[in-house]
Every structure is written in C-alpha cells, then in structure tokens.
Amino acid sequence: MKPRNSVEWFRTSVSRIIGIFAKRTRDAELDAELHAHLDALTEKYIQRGMSADEARHAARREFGGIEQIKQEYRESSRLPIVEVLLQDLRYALRALRKNPGFSAVAILTLALGIGTNTAIFSIVNAVLLRPLPFPHSDRIVEIYSTLPSAGVTKNGISYLNFNDFQAQSRSFEAIGAFHDTDITLTGSGEPEIIPGAAVTSGLFSVLGVQPIAGRSMSATDDQPGAAPVVLISERLWRKRFGADKNIIGKQIKLDRRSFSVAGILPKDFQFPFQQPPIDLWLPVQQDTQFKDLLPRRGGHYLSVVARIKPGVAAQQAQAELESIQANLIKQYPADNVGWGVRLTPLQHEIVGNVQVELLVLLSAVALVLLIACVNVANLLLTRATARSRELAVRAALGAGKRRIVRQLLTESLLLGVIGGALGALTAWWAVDAFAKFLPDDLPRIHAIQVDVWVLSFAVLLSLVVSLLFGLAPALHATSTNLVDSLKEGTRGSSDGGSRRRMRGILIASEVALAVILLAGAGLLLHSFEELQTVSPGFRAGGVLTASAALPQSQYAKGEDWARFYGQALERVKSLPGVIDAAVVAPVPMSGGRINIAFAIDGKPRAPEDRVSAEYCTVSAGFFDVLKIPLLRGRTFNEHDAATARKVAIISESFAQRYFSDENPIGQHMSFGFPEQASREIVGIVGDVKRASLDDPPEPTMYVPYEQGPMWFMTFAVRTAGSLSALESPLREQIQETDKNLPVVDVQPMTEYLHDSVAQPRFRTFLVGLFGLVALILAAVGIYGVISYTVAQRTQEIGLRMALGAAPSQVLSLVVRQGMKVVLLGLVPGLIFSFALTRFFESLLFGITTSDPLTYAGTIAILIGVSLLACYIPARRAMRVDPMIALRYE
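What you are looking at is a predicted structure, and each value in this text was computed from that prediction instead of being measured.

The next thing to look at is the overall build of the chain. For the chain, the count of helices and strands is 28 helices and 22 strands. Evaluated residue by residue, the chain yields a buried proportion of 54% over its 889 residues. Residue pairs in contact within the chain that sit at least 24 positions apart in sequence constitute 81% of those at least 6 positions apart. For the chain, the exposed area adds up to about 38,700 Å²; of that, 57% sits on carbon and sulfur atoms.

What follows is about helix H10 (residues 314-331). Under the 1.5 Å per step criterion, the end-to-end length of H10 is 26 Å for 18 residues, consistent within 8% with the ideal 26 Å. Listed as buried for H10 are Ala317, Gln318, Glu320, Leu321, Ile324, Gln325 and Leu328. All buried residues of H10 project into a common sector of 160° when viewed along the axis, lining one side. Away from the buried face of H10 by more than 90 degrees, exposed residues Gln315 and Lys330 are located.

Let us now look at helix H27 (residues 852-878). Taking 1.5 Å of rise per residue, 27 residues should cover 39 Å, and H27 covers 37 Å from first to last C-alpha, within 8% of that figure. Within H27, the axis deviates most sharply at tyrosine 871, by approximately 25°, and proline proline 873 lies no more than four positions further along. Among the residues of H27, those classed as buried are Thr854, Tyr855, Thr858, Leu862, Ser866, Ala869, Cys870, Pro873, Ala874 and Ala877.

Among the surface-exposed residues, Asp440, Asp441, Glu751 and Asp755 lie close enough to one another that they form a single negatively charged patch. In this structure, aspartate 755 sits in helix H23 (residues 749-756). Judged by its relative accessible area of 40%, aspartate 755 is partly exposed.

Turning our eyes to something else, we now look at the side chain of aspartate 451. Tracing the backbone through its elements, the reader meets aspartate 451 in the loop between helix H15 (401-435) and helix H16 (452-479). Of the polar contacts made by the side chain of aspartate 451, one reaches the backbone nitrogen of valine 454; its length is 3.0 Å. Once you skip the residues sitting within four places of it in the chain, aspartate 451 turns out to touch Asn125 and Arg130.

Take the packing of aromatic side chains next. In this structure the tally under the stated criterion is 22 aromatic pairs. With a centroid separation of 5.6 Å and an interplanar angle of 50°, the aromatic rings of phenylalanine 269 and tryptophan 281 are classed as tilted. Of this pair, phenylalanine 269 sits in the loop between strand E8 (257-265) and strand E9 (280-283) while tryptophan 281 is found in strand E9, placing the two residues 12 residues apart along the sequence. Neither phenylalanine 269 nor tryptophan 281 differs from the other in exposure class; each is buried. Members of the aromatic cluster, connected to one another through ring pairs, are Phe134, Phe178, Phe204, Phe269, Phe271 and Trp281. Across from the ring centre of tyrosine 332, 3.6 Å away, lies the NZ or CZ of arginine 297, which sits over that ring. In this arrangement the basic side chain of arginine 679 is found over the ring face of phenylalanine 671, its NZ or CZ atom lying 5.8 Å from the centre.

Running from N to C, helix H7 (residues 159-168) and H10 point in directions that differ by 130°, and their axes come no closer than 10 Å. Here H10 runs oblique to H7, going by the angle between their axes. Read as a crossing pair, H7 and H10 show a hand that is right-handed. For the pair H7 and H10, the contacting residues are Asn161, Asp164, Phe165 and Gln168 in the first and Glu320, Leu321, Ile324, Gln325, Asn327 and Leu328 in the second. Partitioned by chemical class, the residues of the contact of H7 with H10 number 4 nonpolar, 4 polar and 2 charged.

On to the nonpolar core, then. Within the largest apolar cluster, 122 residues are counted, with the highest numbers of intra-cluster contacts made by Ile123, Phe271 and Trp281. Per-element accounting of this core gives the leading share, 16 residues, to helix H13 (residues 355-386). Those residues in contact with isoleucine 123 that lie beyond four places of it in its chain are Leu358, Phe434, Leu438, Leu442, Ile448 and Phe762. Ranked by size, the runner-up nonpolar core spans 75 residues in total, among them Phe290, Ile596, Val717 and Val746.

Once that is clear, we can look at the pattern of salt bridges. Per the stated rule, a full pass over the model turns up 19 salt bridges. One salt bridge in this structure joins glutamate 349 and lysine 154, with 3.0 Å as the shortest N-O distance. Taken together, the residues span a long stretch of sequence, with glutamate 349 in helix H12 (residues 346-351) and lysine 154 in strand E2 (residues 152-155) at a distance of 195 residues. Linking arginine 240 and glutamate 192 is a salt bridge whose minimum nitrogen-to-oxygen distance equals 2.4 Å. Of this pair, arginine 240 sits in helix H9 (residues 234-241) while glutamate 192 is found in strand E4 (residues 192-199), placing the two residues 48 residues apart along the sequence. Among the charged side chains, a salt-bridge network with shared partners connects Glu192, Lys239 and Arg240.

Side-chain direction in a regular strand flips from residue to residue, so the side chains alternate between the two faces of the sheet. Burial analysis of E8 places 7 of its 9 residues in the buried class, the great majority of the element. By the bridge criterion, 2 bridges tie strand E5 (residues 213-214) to E8 in an arrangement that is antiparallel. Opposite alanine 213, over in E8, you have isoleucine 264 as the bridge partner. Summarising the sheet, strand E6 (residues 229-233) and E8 pair through 5 bridges and their orientation is parallel. Across the sheet, the residue bridging to isoleucine 232 is isoleucine 264, located in E8. Of the pairings in the sheet, the one linking strand E7 (residues 251-254) to E8 comprises 4 bridges and is antiparallel in character. Looking at E8, one finds that leucine 254 is bridged to arginine 257.

It is worth spelling out unusual backbone geometry at this point. With an omega of -5°, the peptide bond between phenylalanine 271 and proline 272 qualifies as cis. Looking at the element boundaries, proline 272 is found in the loop between E8 and E9. Here the bond from alanine 585 into proline 586 is cis, since omega is -10°, no more than 30 degrees from zero. Structurally, proline 586 is set in the loop between strand E13 (578-585) and strand E14 (595-600).

In this section: the environment of valine 625. Tracing the backbone shows valine 625 in helix H20 (residues 622-625). Taking the C-alpha atoms as reference points, valine 625 and arginine 539, 86 residues apart in sequence, are found 8.5 Å from one another. When near neighbours in sequence (up to four residues on either side) are disregarded, valine 625 contacts Val543, Asp580, Ala581, Ala582, Ala716, Val717 and Arg718.

With that settled, consider the confidence of the model for the chain. Mean pLDDT over the chain: 83, with 84% of residues reaching 70 or higher. Per-residue pLDDT stays below 50 along residues 17-33; that stretch engages in 22 contacts with residues further than four places along the chain or on separate chains. Under a pLDDT of 50 for its full length, residues 488-494 has, in the predicted model, 14 contacts with residues more than four places off or in other chains.

On the surface, Phe437, Phe765, Leu769, Leu772, Ile776 and Val780 cluster together into a nonpolar patch covering about 500 Å² of accessible area. When you line up the elements, valine 780 lands in helix H24 (residues 758-792). Given a relative accessible area of 47%, valine 780 falls into the partly exposed group.

Take valine 647: it is sitting in strand E17 (residues 647-651). Through-space distance from the C-alpha of valine 647 to that of isoleucine 681 is 5.9 Å; in sequence the pair is 34 residues apart.

The rules we used
Residues numbered from 1 in each chain as written. Predicted model: local features only at pLDDT ≥ 70, side-chain atom pairs only at ≥ 80, totals over all residues. Heavy atoms only, no water. Helix = DSSP H or I, 4+ residues; strand = E, 2+ residues; numbered from the N terminus. Buried < 20%, exposed > 50% of the residue type's maximum accessible area, 1.4 Å probe, protein only. Contact = heavy atoms within 4.5 Å. Areas by Shrake-Rupley, 256 points an atom, 1.4 Å probe, with all protein chains shown as cover. Expected span 1.5 Å × (residues − 1). Arc of directions from axis to C-beta. Bend = angle between axes of the 7 residues up to and from the residue. Patch = residues over 30% accessible without salt bridge, like charges linked within 9 Å, V, L, I, M, F, W, Y side chains within 5 Å. Salt bridge = Lys/Arg side-chain N within 4 Å of Asp/Glu carboxyl O. Lys, Arg positive; Asp, Glu negative; His and termini not counted. Charge placed at Lys NZ, Arg CZ, Asp CG, Glu CD. Polar contact = N/O pair within 3.5 Å; in protein donor to acceptor, adjacent residues only side chain to side chain. Phe/Tyr/Trp six-rings, centres within 6.5 Å; stacked < 30°, edge-to-face > 60°. Lys NZ or Arg CZ within 6 Å of the ring centre and 35° of its normal. Axes fitted to C-alpha atoms, helices over the stretch in contact; angles between N-to-C directions. Parallel < 35°, antiparallel > 145°, perpendicular 65-115°, else oblique. Left-handed = near helix turned anticlockwise from the far one by under 90°. Nonpolar A, V, L, I, M, F, W, Y, C, P; charged D, E, K, R; others polar. Core = buried A, V, L, I, M, F, W, Y, C linked by side-chain atoms within 4.5 Å. Pairing = 2+ DSSP bridges. pLDDT = per-residue confidence, 0-100.

And the structure:
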C-alpha cells in the first residue's frame, strides 16, 4: 500500500498546484487536461516497473519540474528587468548543458556558416568596400588615352602630353604619372631585381603620402639633368639596409648607377597595387629603360592619376581634358589625331574587374549561412516539440507568450553568440587557408585581414542569424494550442501536424537554397573545364623559362642587348639535354604586352583610323621551341641579322583581319619599337594567346630579336629531361655571361598557363566548396527530420507491420514521404537558379547560364544524396519489431 500512498500523495500535491493556477486562468478544460496528463505520466512509469518514488521523479523530469518552474516565475515577477534577463541566460545555459548533442551540432553548424561568411567578407571588405588608403580617395581618378578606331579604351599617355595636361588643367589639385619598372639593386648583398616604379613628383601629392624619413620627390627631380634620387619603402629599408637610420643621402647602386636615397615611404603605403609590392620609386627622368620615349608624343606608356579639386564634378574635369586633347590634336596632329581621353575613378579601375567575382563568392557563402540557419531552426523546432509539455506548463503557470518567446530567443541568442565566437576563430584560419588560393593579381591582396570591421561584421552576423533561426520556432511554439499539446502528450505523441508542416517547409527551403548554390557551382565548374580545354596556341610542356633584365648604364644600346642575349643563348643551347632554346619578349601568357601602331605600305589610312597590334621580338627557333605552327612562308633564321633586310612574321588572326582577300607574304609593313621601320612579311604562324585563355587571339607581329632587341627578355628552353634538374644549370649559364646579373622567374612554361587561370580557379574552388558544404548540410537536415519522424512514428510503424505490412512497404513509405519534401524544394530552387545565375554570366566561358548538362547533374546529385539521407532512417524503420514498438508505447 505504501507505493500507492506515495502515488496518491504526488497526485494530490500536483492537483493542489494545478488548482491554484486553474483558478487564476479560469480554464476548466486546461485544468482537466493537466490532471489527466499527470495521471497518465505517473501510471505509465509505474507500468514500466518503476517504484512510486521513481515514477514520481520521472514524471517531474518529463513534465519540466513544476515546482522549479513555479519558483522561477514567482521570482521573475518581482525581479528588475536586468535580473530577469540574467535569469533567462542562466536557464538557457542550463538548457543547453542538458542537451550537449543538440548544442554541439547547432554551435558547430553556426560556426561553419558564420566563419566562412566572415572570411569571405574580409576579402570583400579589403578589396571592394574599404576606400583606398589615401586621403579623400573618392576624388582620385585615373586618366587614359583612347583610340576608338582600334577599339582601344585604356591606353597610356605620352610624357609630353602628360606635361600639357598638367600645365593646362584647372580641375585638379595635383596630377602625377608612373609606370612599372624592374630595377637591379647591387652593392648590398646579392644582386636582386627590385619591383619599382618610375614616377613624377606629383604622384605623391595626388596620393597624399609623406615619407617617414627624408623628403618626397620635388619638381626639380623631374627636370632633365637632375641628380638621380630614389625613394625606398620601409620594407626594403629594413630588409636590405638593416633599418640604417643614416640611409638618407647615402648612395645606392640601381642598375649599376648611383642614386641618392631621398626618403623612406611608410610600410602601409602601396601604389601601384600589385604583387610583388613596389619597393623603389625613382623619377621618370632617371628611368633609362624608357628614356627614348620621353621626347615622343606617340609613346603612350605612362599611367596618369589625378586628384579632382573639391566642388569640381567628374564630368567637368572630363570636359576640360577633352578640350586640352582637342588642342593637342591641332598642335601635334601626327601623334594625336584619332586619340581621345577619358577619366575614371581610381577605385573602380583597381577593383572593377573582380567586383562581380567577389560578390558571387559573398552571395554563395551567404546561401551556406542561410542553409545552416535553416538546419538550426529545424533542430530548435524539433527540440521545441520535445519541450511542448514544458512550455504548456509554463504557460499554465502564468507565463505569457512574450515571456516564453523571450526565453526561447535567449537560448537562440546564446547559440548564436557561441557560434559567432567560434566562427570568428574559424575566419582567422579560413583567411589564411583561402590566401593560398588567392590569385596574385587580386588587387589590394595585402590588405586582407580579420580586423575590427570584420569582427564587427561577425558580431552583427551572429545577432542577425540568432533572430533568423530562433524567431520562427519560438513564435510557432507559442502559437500552438496548449490543450492540444497536452492531449498529444497524453496520447504518447509529441509531434503535432503544424510542427510537421513547419519542418517540411524548412527542409524544402533548405533544398531550394542548396539547388541554387549547386547550380552556380556546377556552372562555374563546367565553365572552368571548358576553359582548360582551350589551346593557348603553343605547347608548354617540357619548356623551362628564365628572365633577365639588363642595366642600361652598362648595356646602353640595342646592339649591346642583342650581343648579350646571343652569347647567353649559345651557352644555354650547349647544356646537356637541351633540344632547342630561344629568347622572347614579352612571354605569351605572362601578362606582359606591347601594343604598337602599324601601317601597311601601299594602303594609306587616315590618321584618325590608325590601327595597332601586339608586338613580340623573338630569336630564330622560337616557334620550334614552343611548337607554334608555321602556316605559310618561313620562320626567322640566322640570316635575319641586324644589318639584313628588315622582316616580320604575322599571326593568323592578323592575316585574316588585314589581308583577308590577298596573300600577305612579300608585302611590307611599317612599325617598330622604339623606332619604326618598313618590314617585309615573310611568314604566317598560328595564333597565340597573349594574356588569358578566355581572350580572343590578338593580331600579333613578330620581329627577329637582333632587328628589334629588348633589354628585358626571357629564355625559353625545351628539354627532353627533367625541368627541375635544368634550373640551376640554366641560371648558371646565363650568369656566366654577366656574373652581376640576377636571373629571375626560373619556372616551367606551364606555370604561366596555371597563373593565367588563377582567378577562375579561385572562384570555382570556393563556390564548389560552398556547394559541397550546402549539399552536406541539406543531407544532414533531411536525415535529421526523417530520423525524428521515424522515432515519433514507431508505434504507427509497429502497428502497420503487425497488420501485415512488409518491410519493403515501410521503407517505401518513409522514403516517399521524405522525397516529397525534397521535390517541393527542388522545383522553386531550379526556378530561382535560372534567374539568379544570370548575374554572373560574365564569369562563364563556353557555356550559358541555362546549360542543360549542369542542371541535369545538379538534380541527379541532389536527388541521389537526398535518397541516401532518407534511406538510412527508413532502413532503420523497416527493422522495427512490432511487439517491442507496441509494448513501448
């Protein structure tokens, strides 16, 4: 009788508590359901073999601890709001601690979503969002020459024209010019080629930068005959000169000439933005490499930047430049007719070509975060279902809907904050990981870091996603009828139809988001595969390259250049295993380009209709080394010396465009760098990609290097042996000709091809990675919902099997119901994919955004993974023992 008395005592005590709150709520129906539920709970545990005490404790735990809940609400009704919030936080911590599995999965999911978003945002923030690191950078513009007749929209400006723009313009506070140049530093350790820039003094006024020591460049440094001076970076000052505080005024050797160090620029200054970063700035007048172009108005080689005065509109500055250009055409028609001028914001010029790419990455990772939020929302909804009786009791004890929503949102916020903290740590790791895949030509790459703005983004993101995944389950939990919840609990089922529908909607949404991301990843992957199949026009395998730049203080004339490279080339050809070798400038696919004007003899054009083409100087054997096919005529040979008749070879696209209806062999053209000469066309070769595989082939003109030598050239060596084994001998043979000459970029020719697709590879890898994460999250979400559904329907499944249902029928039932939800998300996902992928059509090559193969693959992969996610819990369902299932319930 004692157990019975204990049960009666427990029922009487709980009935008194319920009676008090029933009077308060005056809800007789709820009062009756609470009594019935407590009776059922107590009896159920006694029937399972528990003692009365054990049954009482089990009923308390399952019912949520009535006395504890009652005490909490009594205390919270008298506490200040801050104390109430702290109480909510303590309860939220206790609730998460009671469910470590749920908490771990939710936090890790959020950390993955927030971390990847924060990492990608750090890249987007550094490249796109942050203003340039110069005062009032929104007023800095870049000025270009244009040649509409040749389709040229961005070309350099000659030094003389720049001087006229600088003298005559009134719309700019300052105007400056620069061009990149590599400079050999000697006399301080091993000879080294230092990335540099030849600049005018106005450049530093435009950018608003001041040296940390010494002085900046002055107008007198721009004058012919001025003493050679140089500005060095703080980085170079510390690396090569040991942070010597007395460096100012000292002489250093650049290209074997003495330069006085005028100043040191701060380490955070970087312009132009490039990799590797610029470490030396010298006056344009001191740049011997392009000294022949200084007096030529046709030498369009300078990049020009300017700072617009406050209150002056960009359109007004553009109109002034056009007026100055019109005057130059009148004064110097031979070099200016047909040329125009335009300005554009410097920020746009620096980041414009990667803007779409980075926004696509940000959108892709945002989809991953949304999927993660949906997953966590589903977890919370499932957990809210399990806690429905607890929430019903809380409401019965006097908690309003606002109070319950606040408590549930506190738990969501706690999950979001912990997930955000782990996400910030993940972002630090991810930024370093992503840096390995970042293309070297990504602008402002050095500024990418997890700084205070990125951390602020992570905090804000954590708060937003907390509301995003927590609000819907919280509102849904409080909108459920309390009496219905208690009825469902009494019957042994805690999963109402409304919650099942909500979970189905969330899974369908997750599938739709995954479809969008998978379709985008598939399009980029298919596009990248198409790009990889494009022939560059030459065979890069088995070719090793090495570059050298001659200091013009020692190698002052073209014949000196030709002599050095001729002697070095003979040494290289004598190396064991070398099949053939040649020199070339610029190297195909290296990013270097020389575009010059030309005229076909006997076919005069109006000055405004001048045309230009790519220019390349090569040695005999170059076309054999790279296996560029000869289509007609001949290639260069040893007879095409400097004193022989001037000859040229043109590319197939050049012949098709300018000699479409006639044979170009034997005809003459006038062009040259730096001086023009009439040349006979002796051959036509296949097209070669100059800069990128996705660019159409550019018309190209080739000349023998002895007739058009350069001070910077690259050795291309074809070998039958190991490329790595040839690297040291190749470097040594070149330096045997000049021991003080640095040899750089010793690498396989295939590296140029690899680097040329760095940006598409980067975006394809990341979007593909995000697509894989989305697929896994979607599969986990489907698996979780189906597993929960199977667990909730154990009695129903057991009853079906007891009545004769075959295991295969149970399997089919579970899989069919799961796939129904998947298909509901698949259709809208495909519709949105068609619409959204059009925004990055410019990133695709060889395919369209409606590529059927990609979408077929997306559907197949998603359905296959979804079937697997449904099959695993369905297989567990078909193994349910009917007797155990019915006895359990």
